[in-house]
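A look at the structure
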Amino acid sequence: MPAKTLLSWLLVIFGMLLASNRQAQAQAQACVPTANPPACTFRAIDDATGTPVTKMCVGRPVRFEYCTGRDASLQNTYQVVSGSATLPNPCGGNFQPPSVRYTPTAAGFVTVTENTQARPPALPTIYFITFQVYDSPAPAFTLAACAPGSVQVTLPSAPYDSYTVQIGTGAPVSAASGQVVTYPVPTGATSVTVTGRYNDNSLCTNSATQPLTQLAPLGPLAIQRVIRNGTSTQLDVAPLTAGYRYTVERADASNVYQTVPGAVQNSTTSFTVPSTAPGRYRLRATDVCGNAFSPSAAVPNLTLTAAPAERRNELTWQLLDNPISYELTRDNAPLATPLAPSARAYTDTAVACGVQYTYQLTARYAGGVSAVSNVALVRATATQPPATPRLFATFDLRNRVQLTATVARFSATGQLTYLTEGRILAATTSRAFTDSSTTRFVPGTGPCYQARFVDDCANRSADSAPFCLAVLAAELADSRGSSVRLTWSGLRGAPSTDTLSYRLLVLDASNAVVRSVSVSNRTSYLDLTPSDTEQQVRYRLEVRGGGLPGPSYSNVATATRRLEIYVPTAFTPNGDGLNDVLEVKGRFLKTFRFVIVDRNGQEVFRGTNRTQTWDGRVRNEAPVPGAFVWRFEAVDDAGQIVVQHGTVTVLK
């Protein structure tokens, strides 16, 4: 290579080394701020308004430019680094020309570094400024409807320093962050708009709007019923208006009301209060803004206590106010005894030993308001003998004795023992018993019955006085039964025997009464007109009065007359219209069997009632004169079999 050419290459290489050394020196100075910066190096300009800003906003673009008075011909670039100028390396690569916009993405601080390339051999100038970045979210405020015509606004405590609140289209009103403020609601307003602002940054702001819900007017506060339930009290109230806060207040006899802790609202019509002590209750309403409204009228609760005594239950109760009236129930059935409004005790004597009773008392006030007590349970007790049973007896139509016993104050409990002539018939809890063993129906010989009672506390009563039923007897007064003689023994054991009345009842075969005769103060009667169609005549004695709970009947007495038949000894079936057929005649004939046989013992006729007659024909052949044998058989009304037989002759 020629020397001149070699020298040229050496000069080129030296120049390149010198330029490289200068670039290295410039890079070494890149993160070193230039000393003695001017009063204004560069500015951040809000891209939307073109105005300089000292604070940035998240999501709002900015650009950077030289300050006035600096050499605008010099080339400059900018870079943004998250954090403050105290970072160890606030600048670095990725410098951008000033035409590139920067948009902050998060609140905090950013450091903007300006790198201005001076004309060689001067070094670049490095300046940086730290900017605070503010976020501007929509304000997260809450609304609460207060009394009609006002609204409560709860403003967030961050991130804004202050807010303006606009109700509907009204003028915005300033408010500090974190405040709870109540505002009047103009007519027609339907929304609330809250705008957040920073004290040192007017560009970073945002708004949010929420629909405005108005609170309905408060309905009437009324406790309709106070009910004691075990260890708590239930308040039934008029339907409550939504949107209000309700508290239960209680006062004792001092009439100083205090809020009841632990009161629970079960529904819009019910509260449970953990208290059973006597007191007055009322209901109070407030809105979320703290406005209190007039309380309801007070209603007291009612505490009932029941304790047993000798064959009675003693009831006492506690109530602060006198009601209009009371209703006392025993076993869910109202007791008819009226109670005075000032009453605080009641004695129930209509109780049976050993029986558990449940009581509940309701106090009624004006306007349908009531206080209902707890349910009080008590088991009645006694040590003294119960009352003597009252016994009643009567025969039924099958001549069984129907016994009925009643014991004062014991309608269903305890045990009854039924006796006849000292002999025990039955021991049962039933108040009724049927004796089918009686077979004696002779006047003056009974039957007589007694009863005794043992209550559930094992107390035994005295035996009742004997109850002796009237016993009736009937017999034919003549051989054909044209008259019937009736005799009886009077009833004994009625509360007042001197006022008893007797009536003789004449019955038909179905035991229906066909006629009656008053026979008071008598012990016998002669029936001269017995039925001429019934073989057996039936009678019954009815006894009333004397304090009896109902009629007592004697046994059904019967008299059976003889069944009679008549069969002619001959007849002439010749068609002359006289004595042409053979028929059975007699008294009290109903159904029977009448058979005729010839001399060979062959049956020629059979009849079962009086409408069936024999015309003398044998197997449809013309009558043949001669003698025939007949047999009659029937069961009479008394169940006796009646048999008769004879002969009849067929004549021409």
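Residues numbered from 1 in each chain as written. Predicted model: local features only at pLDDT ≥ 70, side-chain atom pairs only at ≥ 80, totals over all residues. Heavy atoms only, no water.

Quick notes on the overall build of the protein
Keep this limit in mind: Helix and strand assignments come from DSSP, with helices taken as H or I runs of at least 4 residues and strands as E runs of at least 2, each series counted from the N terminus. The atom set for the radius of gyration is the C-alpha atoms, and the globule formula is 2.2 Å times the number of residues raised to the power 0.38. Working rule for contacts: check all heavy atoms of both residues, and any pair within 4.5 Å makes them a contact. Only the protein chains shown count as covering a residue, and every accessible area follows the Shrake-Rupley method with a 1.4 Å probe. In this charge count, Lys and Arg are treated as positive and Asp and Glu as negative; neither His nor the chain ends contribute. For charged residues, the charge sits on one atom: NZ in Lys, CZ in Arg, CG in Asp, CD in Glu.
Scanning the protein for helices and strands turns up one helix and 52 strands. Here the C-alpha atoms of the protein give a radius of gyration of 61 Å, more than 25% beyond the 26 Å that 2.2 N^0.38 yields for 652 residues. When contacts within the protein are restricted to residue pairs at least 6 apart in sequence, those whose partners lie at least 24 apart make up 58%. For the protein, the exposed surface amounts to about 33,600 Å²; the carbon and sulfur share of it is 53%. Positive and negative charge centroids in the protein, built from 54 and 43 side chains respectively, lie 4 Å apart.

Some words on the state of the cysteines
Put simply, the rule is: We call a pair of cysteine sulfur atoms a disulfide whenever their separation is within 2.5 Å. Whether a residue is buried, partly exposed or exposed follows from its accessible area with a 1.4 Å probe, protein chains only, as a fraction of its type maximum: under 20%, in between, or over 50%, in that order.
The final tally for this structure, using the stated rule, is five disulfides. A disulfide bridge connects C146 with C289, and the sulfur atoms are separated by 1.3 Å. In this pair, C146 sits in the loop between β8 (142-145) and β9 (150-154) while C289 sits in the loop between β21 (280-286) and β22 (299-300), placing the two residues 143 residues apart along the sequence. Two residues share a disulfide in this structure: C448 and C468, whose sulfurs sit 1.9 Å from each other. An S-S torsion of about 110 degrees defines the bridge between C448 and C468 as right-handed. With C448 in strand β36 (residues 448-454) and C468 in strand β37 (residues 467-468), this residue pair connects regions lying 20 residues apart in the sequence. Each member of the pair C448 and C468 is classed as buried.

Focus: the sheet that holds strand β33 (residues 415-420)
Note the following rule: Paired strands, as defined in this entry, are two strands with at least two bridges between them according to DSSP.
The strand order across the open sheet formed by four strands is β34-β33-β36-β37, and the pairing between neighbours is antiparallel. Since the sheet does not close on itself, it has two edges, and those belong to β34 (423-428) and β37, each with one partner. Sheet analysis places β33 next to β36, joined by five bridges and oriented antiparallel. For T417, the partnering residue across the bridge sits in β36 and is R452.

As for the side chain of N115
Tracing the sequence through the fold places N115 in strand β6 (residues 108-117). In this structure N115 touches Q75, N76, T77, F95, P124, T125 and I126, once residues within four positions along its chain are discounted.

Looking at empty space enclosed by the protein
Put simply, the test is: Buriedness of a pocket was judged along seven lines, with at least five required to meet protein on both sides within 12 Å; pockets are open sets of points on a 1 Å grid over the protein atoms alone, cavities are sets where a 1.4 Å probe fits but cannot get out, and lining residues have an atom within 4 Å of a point. Grid points are joined across faces, edges and corners, and a volume is the space filled by probe spheres set on the points. Lys, Arg, Asp and Glu make up the charged group, whereas Ala, Val, Leu, Ile, Met, Phe, Trp, Tyr, Cys and Pro make up the nonpolar group; the residues left over, Gly among them, are polar.
Within this structure, the stated rule accounts for one cavity of 30 Å³ or more. When its volume is computed, the largest cavity comes out at roughly 30 Å³. Considering the residues around the largest cavity, the lining is formed by D46, V53, K55, M56, C57, R60, V62 and L203. Its residues placed into classes, the lining of the largest cavity shows five nonpolar, no polar and three charged.

What to know about the packing of aromatic side chains
Short version of the rule: What counts as a ring pair is set by centres within 6.5 Å for rings of Phe, Tyr and Trp (its six-membered ring), and what kind of pair is set by the plane angle: stacked under 30 degrees, edge-to-face over 60, tilted for all other angles. The criterion for a charge sitting over a ring is simple: Lys NZ or Arg CZ within 6 Å of the ring centre, and within 35 degrees of the ring normal.
Applying the stated criterion to the full structure yields 18 aromatic pairs. Among the aromatic residues, ring-to-ring pairing joins Y134, Y160, Y163 and Y198 into one connected group. Lying across the ring of Y257, R282 places its NZ or CZ 3.9 Å from the centre. Geometry around Y553 places R540 over its ring, the cationic atom sitting 4.0 Å from the centre.

Brief notes about the environment of N574
Stated precisely, the cut-off is as follows: As used in this structure description, the phrase polar contact means that two N or O atoms lie within 3.5 Å; if the pair is within protein, one of them must be able to donate a hydrogen and the other to accept it, and residues adjacent in sequence are counted only when both atoms belong to side chains.
Its place among the elements puts N574 in the loop between β47 (570-571) and β48 (585-587). With a relative accessible area of 42%, N574 lands in the partly exposed category. Here the alpha-carbon distance between N574 and D615, two residues 41 residues apart in the chain, equals 9.3 Å. Residues contacting N574, with those up to four places away along its chain left out, are D580 and K652. Polar side-chain contacts of N574 include one of 3.1 Å to the backbone nitrogen of D576.

A few points about the side chain of R70
As for its position among the elements, R70 is in the loop between β4 (62-66) and β5 (75-82). Separated by 2.5 Å, the side chain of R70 and the backbone oxygen of T41 make a polar contact. When residues no more than four places from it in sequence are discounted, the contact partners of R70 are C40, T41, F42, E114, T116, T125 and Y127.

A short note on unusual backbone geometry
Phi is mostly negative for residues that are not glycine, and the peptide bonds are mostly trans. The omega torsion of the bond from A158 to P159 falls at 5 degrees, within 30 degrees of zero and hence cis. Positive phi outside glycine occurs at N332, with the angle close to 70 degrees. As for its position among the elements, N332 is in the loop between β25 (325-330) and β26 (333-334). You can call N332 exposed: its relative accessible area is 72%. For R409, which is not glycine, the phi torsion reads 75 degrees and is therefore positive. Its location among the elements puts R409 in the loop between β32 (401-406) and β33. Here R409 falls in the partly exposed class, since its relative accessible area comes to 37%.

Quick look at the pairing of strand β20 (residues 270-273)
With four bridges joining them, strand β16 (residues 232-237) and β20 adopt antiparallel strand pairing. Its bridge partner lying in β20, T233 is registered against V273. With three bridges connecting them, strand β19 (residues 264-267) and β20 associate as antiparallel partners. Bridging across to β20, V264 finds its partner in T272. Hairpin remark: β19 followed by β20, antiparallel, with two residues in the connecting loop.

A look at a nonpolar patch on the surface
The condition is simple: Patch members must show over 30% relative accessible area and no salt bridge, and they are joined within 9 Å when carrying like charges or within 5 Å when they are nonpolar side chains of Val, Leu, Ile, Met, Phe, Trp or Tyr. Salt-bridge detection follows one rule: a side-chain nitrogen of Lys or Arg within 4 Å of a carboxyl oxygen of Asp or Glu.
Side chains of V635, I641 and V643 sit close together on the surface and give an oily, nonpolar patch of about 280 Å² of accessible area. Given the relative accessible area of 54%, V635 is considered exposed.

Re the confidence of the model for the protein
What counts here: Each residue carries a pLDDT score, the predictor's own confidence in it, on a scale running from 0 to 100.
Averaged over the protein, the pLDDT score is 89; the fraction of residues at 70 or greater is 93%. Within the model, the stretch residues 9-30 combines pLDDT values under 50 with five contacts to residues more than four positions away or in other chains.

Observations regarding the pattern of salt bridges
Two side chains carrying opposite charge are able to pair once their charged atoms lie near each other. Applying the stated criterion across every chain yields a total of 30 salt bridges. Taking the shortest distance from any N to any O, the salt bridge between D396 and R400 comes out at 2.8 Å. One continuous salt-bridge network, built from bridges that share partners, spans R480, R562, E564 and R587.

Examining the sheet that holds strand β2 (residues 52-53)
Strand order in the open sheet formed by three strands is β2-β1-β4, with antiparallel pairing between adjacent strands. Of all the strands in the sheet, just β2 and β4 have a single pairing partner and so form its edges. Here strand β1 (residues 42-46) runs beside β4; their pairing, made up of five bridges, is antiparallel. Across the sheet, F42 pairs through a bridge with Y66, a residue of β4.

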